[in-house]
Amino acid sequence: MFEQLLEEFAGQPVQDFDIEDDWQGPEVAYRVWQGYDDETTIVERLHRLLDQPGSEELTGLVVGAWERVSEGESAKAIVKELIRVAPRLPKLQALFLGDITYEECELSWLKLTDVSPLLAAWPKLETFRVRGSEDLAFSPLRHEGLRHLAIESGGLPRAVLRQVFSCELPNLEHLELFLGESQYGFDGDVSDLQPLFSGRLFPRLKYLGLMNSEIADEIAAVVVNAPIIDRIHTLDLSLGNLGDEGVRSLRALAGKKNRTCLNISHHYASPKELKALKKALGCLVIADDPQEADDDYRPIMHSE
Amino acid sequence: MITGPSCTPSSCRTAPQVVVVGPPGTRRMELLLAAARRAGWHRPTALPYPRAQLLPHPCLEGTPHRGPPPRHVLVRLDSPQDDLHTLRRLLTLGIAPTAAAGRTPLSPQQIERLSPARGELVHPLQWFLGFRELLQGLSQRWTRNVSWMSHPQAVLQMFDKHACRQLWSAAGLPVAPSPACPQGYDELRQQVRSPHARLFIKLRYGYAAAGATALEWHGSRLRAISTVETVRNAGQTRLFVSRRPQILLDERQIAQLIDLLAQHQIIVEEWLPKARWQGLPFDVRLVLVGGRVRHVVGRARASPFTNLNLGARRIPRDTLMQHLRAWDDLVSLAEQAAACFPTAGTLGLDVLVLPCRRRMVLLEANAFGDYLPGLLHAGATTYEAAFQGYLAS
């Protein structure tokens with residue numbers, strides 16, 4: 001579960017912005033938010049931030065809990081407001097929508113919205129991360145600036161995957177998809193990832209994250225033979241339920257010409273299989289946070 | 001009713017002996033004894049609760065019952081902690097009052113066979129009722145030549161969250177709203193009808209973080225975040241304090257948990273939002289000696305349960321003074337809250353600061369809440385301040 005708010009985003013420290021005194025210059029990624037029963041609204045905080053001298057120089061912005069988020073209120077209103085004020089942040093390069101802890105709102109209770117207009121409002125935006133998947137949509141979009149895209153969720157519907165794959169992101173280098181589990185909305189299977197595996201999407205992709213997945217073993221088995229593997233430098237299968245079966249499949253990466261680094265942190269692999277994997281692959285294998293299965297039960301990291 | 005400080009200047013200065021009641025050999029006890037020595041008392045004694053319960057006077061430990069009249073003693077009661085012998089004695093004393101309260105107590109046989117695991121909460125109601133029996137016994141027997149750092153009556157009041165709330169409300173001090181007083185989950189849902197609710201459920205007797213459960217529902221969605229784990233074993237349900245908050249999403253499980261906690265009596269408050277420091281919600285623990293605020297520390301943690309035992313980050317006093325927008329109000333509120341326990345020489349107080357960083361609410365009073373090792377104020381630890389406070393008064 002997402003216990004803590006971000007301390008760092010896109011290379012900048014993150015600070016809450018509540019009142020004027022919190023302004024420390026544009027080299028900080030400020031977080032605007034609204035608490036439960038808050039006297040101040042997120043929109044008020046946003047405008048207060050924009051009123052600060054030098055705010056037009058801001059390059060990073062973090063949007064936390066919006067109004068009545070745990071009462072099922074969607075991100076529609078805050079997204080609309082962000083689009084409205086976009087001209088006041090002409091230098092924005094990184095945006096996080098949904099930096100919300102589990103205490104503020106259960107992950108699966110977060111309601112998003114169509115975020116393509118938000119991205120379109122900032123053509124030069126390079127990094128976009130969003131948390132939550134209910135009502136999340138990516139209507140048809142071509143965005144030349146985006147290099148880093150991440151969707152953090154406990155269950156990502158295949159419809160959203162389809163939409164993301166239909167977007168033209170010619171400069172996308174880093175993609176993270178938290179697929180989640182069926183209980184929380186992942187209604188697809190490994191075949192839904194075929195467009196990505198085929199290699200015909202996102203010509204500049206270098207970092208591929210298929211994370212927080214309850215089908216990590218199946219993904220591992222298929223991705224090792226997919227064309228996409230021949231051009232990415234990192235494969236990130238962390239936070240999911242990867243086990244020995246998946247780890248054995250990953251040994252096939254050893255035979256590839258392209259040296260891919262592997263991140264399988266939060267995994268259920270045995271020390272024996274892990275050792276064999278590291279021996280087979282010449283590159284960096286990150287396998288932190290080993291987990292112990294409870295009988296057959298292997299929970300993914302963010303499952304709520 | 002006792003109104004003034006229980007330790008008068010003359011009796012304190014001539015008090016030749018300090019007795020600390022609690023499990024000897026533990027870190028808390030060692031620190032308390034060391035602090036007493038540093039304040040000038042030469043041979044402070046550690047007296048375990050089971051032993052204390054049998055003595056007609058605290059300084060008769062190790063001396064024959066006949067002989068010269070007992071010397072004057074300053075008694076500092078401290079936490080029974082999880083000493084097994086003490087636990088068994090408290091539970092034994094709690095058998096009759098628990099039955100009288102209409103609940104099933106652990107039997108003498110069960111108490112004898114008791115082998116609690118780490119972090120286990122053994123029958124919280126019976127524990128408290130036994131503790132109350134013991135402390136009331138001490139206050140009735142230890143009357144001559146005894147000064148209490150905190151009188152047993154005050155200690156017991158602070159252990160009872162409902163009593164604290166009533167005292168504070170009567171004094172016009174702010175506490176979290178309490179929208180329900182249920183005997184179980186179903187009754188709670190009947191008493192709180194709104195489609196969206198955020199509630200905080202605590203065991204009535206005991207420290208808040210042990211047994212605290214945050215509950216939220218919205219429409220048909222429901223979740224509970226709890227510091228309590230329940231384990232069913234051979235037809236019996238055991239309670240454990242968990243290090244990581246447990247999230248429950250299943251209504252039946254949630255109802256079972258709340259019903260179980262309700263058997264030991266619960267209070268229900270609104271789950272209020274907290275002010276944040278560096279992105280983390282925090283609350284404030286203050287230690288008061290002689291009714292005045294001494295040590296103050298903020299506890300920041302990414303969870304609804306900000307409690308130092310569970311790995312919270314400490315916010316130093318100076319930082320808090322700058323970060324809060326009503327520091328003087330905080331100090332004034334704390335002293336007014338402590339004034340409701342005039343016979344408590346020392347106490348810990350938990351205050352919740354709302355997101356505006358100006359308004360505050362009293363959460364709980366903790367009779368033994370000055371266990372903050374390493375925290376200094378004016379060059380003294382909390383325990384040193386407690387004993388020095390008596391010399392100064």
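Calculation rules
- Residues numbered from 1 in each chain as written.
- Chains lettered and ligands numbered in written order.
- Predicted model: local features only at pLDDT ≥ 70, side-chain atom pairs only at ≥ 80, totals over all residues.
- Heavy atoms only, no water.
- Helix = DSSP H or I, 4+ residues; strand = E, 2+ residues; numbered from the N terminus.
- Rg over C-alpha atoms; globule rule 2.2 N^0.38 Å.
- Buried < 20%, exposed > 50% of the residue type's maximum accessible area, 1.4 Å probe, protein only.
- Contact = heavy atoms within 4.5 Å.
- Lys, Arg positive; Asp, Glu negative; His and termini not counted.
- Charge placed at Lys NZ, Arg CZ, Asp CG, Glu CD.
- Pairing = 2+ DSSP bridges.
- Axes fitted to C-alpha atoms, helices over the stretch in contact; angles between N-to-C directions.
- Parallel < 35°, antiparallel > 145°, perpendicular 65-115°, else oblique.
- Left-handed = near helix turned anticlockwise from the far one by under 90°.
- Phe/Tyr/Trp six-rings, centres within 6.5 Å; stacked < 30°, edge-to-face > 60°.
- Salt bridge = Lys/Arg side-chain N within 4 Å of Asp/Glu carboxyl O.
- Core = buried A, V, L, I, M, F, W, Y, C linked by side-chain atoms within 4.5 Å.
- Domains from an automatic or database assignment.
- Buried area = accessible area lost by both parts, 1.4 Å probe.
- Polar contact = N/O pair within 3.5 Å; in protein donor to acceptor, adjacent residues only side chain to side chain.
- Nonpolar A, V, L, I, M, F, W, Y, C, P; charged D, E, K, R; others polar.
- Expected span 1.5 Å × (residues − 1).
- Right-handed = clockwise from strand over helix to strand, strands pointing away.

Asks: Can you break down the overall build of chain A residue by residue, with the values?
Replies: From N to C terminus, chain A includes eight helices and 12 strands. In terms of C-alpha radius of gyration, chain A reaches 20 Å, essentially the compact-globule figure of 19 Å for 304 residues. If one aligns the C-alpha atoms of chain A with their principal axes, the spans along those axes are about 55 × 40 × 35 Å. With 304 residues in all, chain A has 59% of them scored as buried. The long-range share in chain A, meaning contacts at least 24 apart out of those at least 6 apart in sequence, stands at 69%. Across chain A, the 31 positively charged side chains and the 52 negatively charged ones have centroids separated by 11 Å.

Asks: Which residues make up the sheet that holds strand β10 (residues 266-270) of chain B, and what values go with them?
Replies: Residues and elements named next belong to chain B. The strand order across the open sheet formed by six strands is β4-β9-β8-β7-β6-β10, and the pairing between neighbours is antiparallel. This sheet does not close on itself; its edge strands, each paired only once, are β4 (120-121) and β10. Across the sheet, helix α9 (residues 161-170) lies against β6 (196-203) and β10, angled at about 50 degrees from β10, the strand it touches most.

Asks: I'd love a proper account of the packing of helix α7 (residues 124-141) of chain B against helix α8 (residues 152-159) of chain B, names of residues and values included.
Replies: Angle between the axes and distance between the axes: these two values describe a pair of packed helices. Residues and elements named next belong to chain B. Between α7 and α8, whose axes approach to 9 Å, the crossing angle comes to 165 degrees. Considered as vectors, α7 and α8 are oriented roughly antiparallel to each other. In this structure, α7 crosses over α8, and the sense of that crossing is left-handed. Residue-level inspection shows Trp127, Phe128, Phe131, Arg132, Leu135, Gln136 and Ser139 of α7 in contact with α8, the latter providing Pro152, Val155, Leu156 and Phe159.

Asks: Tell me what's going on with the sheet that holds strand β2 (residues 45-47) of chain B, and back it up with residues and numbers.
Replies: Residues and elements named next belong to chain B. In space, the four strands of this open sheet follow the order β2-β1-β3-β5, with parallel pairing throughout. Each edge of the open sheet carries a strand with a single partner, namely β2 and β5 (146-148). For this sheet, the mean angle separating the axes of adjacent strands, direction not counted, is 30 degrees. Pairing of strand β1 (residues 17-21) with strand β3 (residues 73-77) involves five bridges; the strand directions are parallel. Looking at β3, one finds that Val19 is bridged to Val75. Against the sheet, helix α14 (residues 382-392) makes contact with β1, β3 and β5, and its axis sits at roughly 150 degrees relative to β3, the strand it touches most.

Asks: Break down the packing of aromatic side chains for me, with residues and values.
Replies: All names here are of chain B. Tallied over the full model, the rule gives 15 aromatic pairs over all chains. Taking 5.1 Å as the distance between ring centres and 55 degrees as the angle between the ring planes, the aromatic pair formed by Phe131 and Phe159 counts as tilted. A residue pair is termed long-range when its members are at least 10 positions apart, and Phe131 in helix α7 and Phe159 in helix α8 qualify at 28 residues. For the pair Tyr371 and Tyr383, a centre-to-centre distance of 6.5 Å together with 20 degrees between the ring planes defines the contact as stacked. In this pair, Tyr371 sits in the loop between β16 (360-366) and α14 while Tyr383 sits in helix α14, placing the two residues 12 residues apart along the sequence.

Asks: If you had to explain the pattern of salt bridges to someone new, which residues and values would you point to?
Replies: Residue and element names in this part refer to chain A. Evaluated as defined, the whole model comprises 44 salt bridges over all chains. Taking the shortest distance from any N to any O, the salt bridge between Glu73 and Arg68 comes out at 3.5 Å. What makes Arg68 partly exposed here is its relative accessible area of 44%. In this structure, Asp192 and Arg158 form a salt bridge, with 3.2 Å as the shortest nitrogen-oxygen distance. Remark: Arg158 occurs in helix α4 (residues 158-166) and Asp192 occurs in the loop between β8 (174-180) and α5 (194-197); sequence separation between them is 34 residues.

Asks: With reference to specific residues and values, describe the nonpolar core.
Replies: In terms of nonpolar packing, the biggest core is built from 93 residues, with Leu97, Phe128 and Leu250 of chain A touching the most fellow members. Residues from two domains meet in this core; each of domain 1 (1-129) and domain 2 (138-304) of chain A gives at least three. Aside from chain neighbours lying at most four places away, what touches Leu250 of chain A is Ala220, Val224, Leu235, Leu237, Leu242, Leu262, Ile264, Leu277 and Leu281 of chain A. Formed by 72 residues, the second largest nonpolar core is a distinct cluster that contains Leu47, Leu138, Tyr205 and Leu330 of chain B.

Asks: How would you sum up the interface of chain B and chain A? Please name residues and give values.
Replies: The extent of an interface is frequently quoted as the accessible surface area lost upon association of the parts. At the interface, 27 residues of chain B touch 26 residues of chain A. Across the chain B to chain A interface the summed buried area is about 2500 Å²; carbon plus sulfur atoms make up 46%. Taken as a group, Arg221, Arg223 and Arg276 of chain B account for 24% of the area that chain B buries against chain A, more than any other trio of residues on that side. Between Arg313 of chain B and Glu7 of chain A there is a salt bridge, and its shortest N-O distance comes to 3.9 Å.

Asks: Lay out the domain arrangement of chain A in plain terms, naming residues and giving numbers.
Replies: All names here are of chain A. The domains assigned to chain A are domain 1 (1-129) and domain 2 (138-304). Here the C-alpha centroids of domain 1 and domain 2 sit 27 Å apart. With 20 residues of domain 1 in contact, the opposing surface of domain 2 contributes 19 residues. For the pairing of domain 1 and domain 2, the buried interface totals around 1800 Å² over both sides, and the portion due to carbon and sulfur atoms is 53%. Ranking the residues of domain 1 by area buried against domain 2 places Phe2, Leu107 and Arg129 at the top, with a combined share of 32%. Between Glu152 and Arg129 there is a salt bridge, and its shortest N-O distance comes to 2.9 Å.

Asks: Explain the domain arrangement of chain B residue by residue, including any values.
Replies: Residue and element names in this part refer to chain B. Under the domain assignment, chain B is made up of domain 1 (9-149), domain 2 (185-270) and domain 3 (274-392). Using only C-alpha atoms to locate each centre, domain 1 and domain 3 end up separated by 26 Å. Between domain 1 and domain 3, the contact holds 22 residues from the first and 15 residues from the second. Carbon and sulfur atoms supply 69% of the area buried between domain 1 and domain 3, which totals about 1700 Å² over both sides. Viewed at the interface, domain 3 and domain 1 are joined by two salt bridges. Close ionic contact of Arg76 with Asp370 constitutes a salt bridge, the shortest N to O distance being 2.8 Å. At the junction of domain 1 and domain 3, the tally comes to five residue pairs in polar contact (both at pLDDT 80 or more). Broken down by secondary-structure element, the contributors of at least two residues to the side of domain 1 that touches domain 3 are β1, α2 (27-38) and β3. For the side of domain 1 that touches domain 3, the class distribution of residues is 16 nonpolar, one polar and five charged.

Asks: Explain the side chain of Thr213 of chain B residue by residue, including any values.
Replies: All names here are of chain B. As for its position among the elements, Thr213 is in strand β7 (residues 213-218). Polar side-chain contacts of Thr213 include one of 2.9 Å to the side chain of Ser226. Setting aside its immediate chain neighbours within four residues, Thr213 contacts Leu199, Phe200, Ile201, Ala224, Ile225, Ser226, Leu257, Leu261 and Phe305.

Asks: Run through helix α11 (residues 251-262) of chain B, naming residues and quoting values.
Replies: For α11 of chain B, which comprises 12 residues, the first-to-last C-alpha distance of 16 Å matches the rise-based estimate of 16 Å (1.5 Å per residue) to within 8%. On its buried face, α11 of chain B sits against α10 (185-191), β6, β7, β8 (221-233), β9 (236-248) and β10 of chain B.

Asks: Lay out the side chain of Arg165 of chain B with the relevant residues and their values.
Replies: Residues and elements named next belong to chain B. Relative to the helices and strands, Arg165 resides in helix α9. Engagement of the side chain of Arg165 in a polar contact is seen with the side chain of Glu269, the distance being 2.6 Å. Residues within four places of Arg165 in sequence aside, it is in contact with Val175, Ala176, Pro177, Ser178, Ile267 and Glu269.

Asks: Tell me about the pairing of strand β5 (residues 94-97) of chain A, and please be specific about residues and values.
Replies: Residues and elements named next belong to chain A. Residues Ala94 and Phe96 point to one face of β5 and Leu95 and Leu97 to the other, with burial holding for every one of them. Here strand β4 (residues 60-63) pairs with β5 via four bridges, running parallel. Bridge assignment links Gly60 to a residue of β5, and that residue is Ala94. Regarding the hand of the β-α-β motif, the stretch spanning β4, helix α2 (residues 76-85) and β5 is right-handed. With four bridges joining them, β5 and strand β6 (residues 127-131) adopt parallel strand pairing. Within the sheet, the bridge partner assigned to Ala94 lies in β6 and is Thr127.

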